[in-house]
Amino acid sequence: MPERRVLLIIGGGVAAYKSLVLIRELARRGVATRAILTKAGKEFVTPLSVGALTGDKVYSDLFDLTDEAEMGHIELSRSADLVVVAPATADLIAKAANGLANDLASTAILATDKPVLYAPAMNVRMWEHAATQRNAARLAGDGALFVGPNEGEMACGEFGFGRMAEPVEIADAIDAALAGGGLDNSLAGKRIIVTAGPTHEPIDPVRYIANRSSGKQGYAIAKALARLGADVTLVSGPTELASPHGVKTIRVETARQMLEAVDGALPADCAIMCAAVADYRPENESGNKIKKEHGGIGAISLAENPDILKTVSSKKAGRPRLVVGFAAETDNVLAHARAKRIRKGCDWIIANDVSAGAHCAMGGDRNTVTLISADGEEAWPELSKDETAQKLARAIADALAGPPSLKAAE
């Protein structure tokens, strides 16, 4: 089998130390690395340490007489099977997106005829800045691949998206790209909101109104969308599930808190309302446990909760291009789901049959669903929640790829 080779461009950032671990991980997988170390990168790792791990010369100077006599930036950029930029700083991303080439790293990126994989690493505010998002979206549109950034604590003490993906994650992405499949970034630049789990509506300090939703399907959907490059905000009711990798998770308890969080996450290209929101809440939450001898909880009066799906679907300004609802039903599944789509005003409704047996019941690990839109219906076979999520994510990517073609609900 021919040796697989990558050209690793190490940008200037605290995360540069991870590039050393990445080189060793790639060597373990049989991937040879040649490195370009930027001037800023030298402030964090040394040419000696990089060269010791790659077993090759480390390149940094665009105007090196010997290298450039042999058109070094051209040869470097094309001798590898893949160019990897890790850490990919805001500066490197901006240069690449705008075709600038004033040092060896940016020149090699511009001169390559091979795929380029970026592992962004920067302060959360820098990553979220409109210019950086615009530059990343432009690169993705040009065919560039991305892995990360992850959410977490920054070296500067702030918390959010901007941490470079871990070396094993980057190595996995490199393996995928070298295998010929590349990375699917078809939702890069798209902002998507997903709601998941139940809501808990407090009655008193020891009781609440809830349902059997586990949140598994919504979390799986958020993960599947993030894997396609989407910027995903997951608004989750109370669950025991860990936040999906690469997803911004906002945890709430009640329906009103969930609506507030969804409103705060708008505007978005798509909203997927997968949460099982309680229809009602106690009109007045008691500060003390309600005693049976004083009427018990049967004496409480109920108030109607906000209809989050209908609220998002009916927005006059800033409505997501695609609004997807879920209908978990036990009888007359399709009829109830069709009526719900019209009543709520959403574009798609996912009819979820939760009566098909314990393995497909609410909170289980498998689903039997039908996607219903104004254009028709598509019944899916029984699938795991991850498989359902992947199938839905692909359908959403296809729908958002072209001009709006799905008719809004009547």
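That block above? That's the structure.
The rules we used
- Residues numbered from 1 in each chain as written.
- Predicted model: local features only at pLDDT ≥ 70, side-chain atom pairs only at ≥ 80, totals over all residues.
- Heavy atoms only, no water.
- Helix = DSSP H or I, 4+ residues; strand = E, 2+ residues; numbered from the N terminus.
- Buried < 20%, exposed > 50% of the residue type's maximum accessible area, 1.4 Å probe, protein only.
- Contact = heavy atoms within 4.5 Å.
- Areas by Shrake-Rupley, 256 points an atom, 1.4 Å probe, with all protein chains shown as cover.
- Arc of directions from axis to C-beta.
- Phe/Tyr/Trp six-rings, centres within 6.5 Å; stacked < 30°, edge-to-face > 60°.
- Lys NZ or Arg CZ within 6 Å of the ring centre and 35° of its normal.
- Pairing = 2+ DSSP bridges.
- Axes fitted to C-alpha atoms, helices over the stretch in contact; angles between N-to-C directions.
- Salt bridge = Lys/Arg side-chain N within 4 Å of Asp/Glu carboxyl O.

> Please explain the overall build of the chain as it appears in this structure.
From N to C terminus, the chain includes 14 helices and 22 strands. Scored against the burial criterion, the 410 residues of the chain give a buried share of 50%. The contacts of the chain with a sequence gap of at least 6 include a subset with a gap of at least 24, amounting to 68%. Accessible surface computed for the chain: about 19,000 Å², of which carbon and sulfur atoms make up 51%.

> Could you clarify how one ought to interpret helix H11 (residues 255-265) in this entry?
Structural remark: α-helix, 3.6 residues per turn; residues separated by three or four positions point the same way. Within H11 the residues assigned to the buried category are Ala 255, Met 258, Leu 259, Ala 261, Val 262 and Ala 265. Along the axis of H11, the buried residues cluster in a sector spanning 165°; they form a single face. Exposed residues on H11 whose side chains face more than 90 degrees from its buried face are Glu 260 and Gly 264. The secondary structure elements touched by the buried residues of H11 are strand E9 (191-196), strand E10 (201-204), strand E12 (231-236), strand E13 (248-251) and helix H12 (308-313).

> Help me understand the packing of aromatic side chains in this model?
In this description, a pair of aromatic rings is defined by centroid distance and the angle of the planes. Taken as a whole, this structure holds 1 aromatic pair when the rule is applied. Centroid distance Tyr 118 to Phe 146: 5.4 Å. Interplanar angle 25°. Geometry classified as stacked. Here Tyr 118 is found in strand E5 (residues 116-120), whereas its partner Phe 146 is found in strand E6 (residues 145-146), with 28 residues between them in sequence. Residue class for Tyr 118 comes out buried when judged on its relative accessible area of 2%. In this structure Phe 146 comes out as buried when scored by relative accessible area, which is 13%. The ring of Trp 380 has Lys 391 sitting right over it, with the charged end atom 5.4 Å from the ring centre.

> When you look at unusual backbone geometry in this model, what are you seeing that I'm missing?
A cis amide bond, omega 5°, links Gly 148 with the succeeding residue Pro 149. Inspection of the secondary structure assignment puts Pro 149 in the loop between E6 and strand E7 (150-153). Cis geometry is adopted by the peptide bond preceding Pro 267, which originates at Leu 266 and carries an omega value of 5°. As for its placement among the helices and strands, Pro 267 is situated in the loop between H11 and strand E14 (270-273). Here the phi dihedral of Asn 332 falls at roughly 45°; this positive angle occurs in a residue that is not glycine.

> Help me understand the sheet that holds strand E2 (residues 31-37) in this model?
In a beta sheet, neighbouring strands pair by backbone hydrogen bonds and run either parallel or antiparallel. Spatially, E3-E2-E1-E4-E5-E6 is the arrangement adopted by the 6 strands of the open sheet, whose pairing is parallel. In the strand order of this sheet, the two ends are held by strand E3 (58-59) and E6, each with one partner. Two strands pair when backbone bridges link them, and strand E1 (residues 4-10) and E2 are joined in this way by 7 bridges, in the parallel orientation. The partner of Ile 9 across the bridge, within E2, is Ile 36. Contacts from helix H1 (residues 16-28) reach E1, E2 and strand E4 (82-88), with the element oriented near 175° to E1.

> Hey, could you run me through the pattern of salt bridges in this one?
Working definition: two side chains of opposite charge can pair if their charged atoms are close together. Taken as a whole, this structure holds 22 salt bridges when the rule is applied. Here Asp 263 makes a salt bridge to Lys 315, at a shortest N to O gap of 3.3 Å. Residue Asp 263 is found in helix H11, and its partner Lys 315 is found in the loop between H12 and strand E17 (322-329); the two are separated by 52 residues along the sequence. A relative accessible area of 35% places Asp 263 in the partly exposed class. Here Asp 307 ties to Lys 344 by a salt bridge, and the two come within 2.4 Å at their closest N and O atoms. Remark: Lys 344 occurs in helix H13 (residues 333-344) and Asp 307 occurs in the loop between strand E16 (302-304) and H12; sequence separation between them is 37 residues. The class of Asp 307 is partly exposed, set by a relative accessible area of 26%. Taken together, the salt bridges that share partners define one network made up of Arg 4, Glu 25, Arg 28, Arg 29, Asp 172 and Asp 175.

By themselves, these are just geometric observations and shouldn't be taken as functional.
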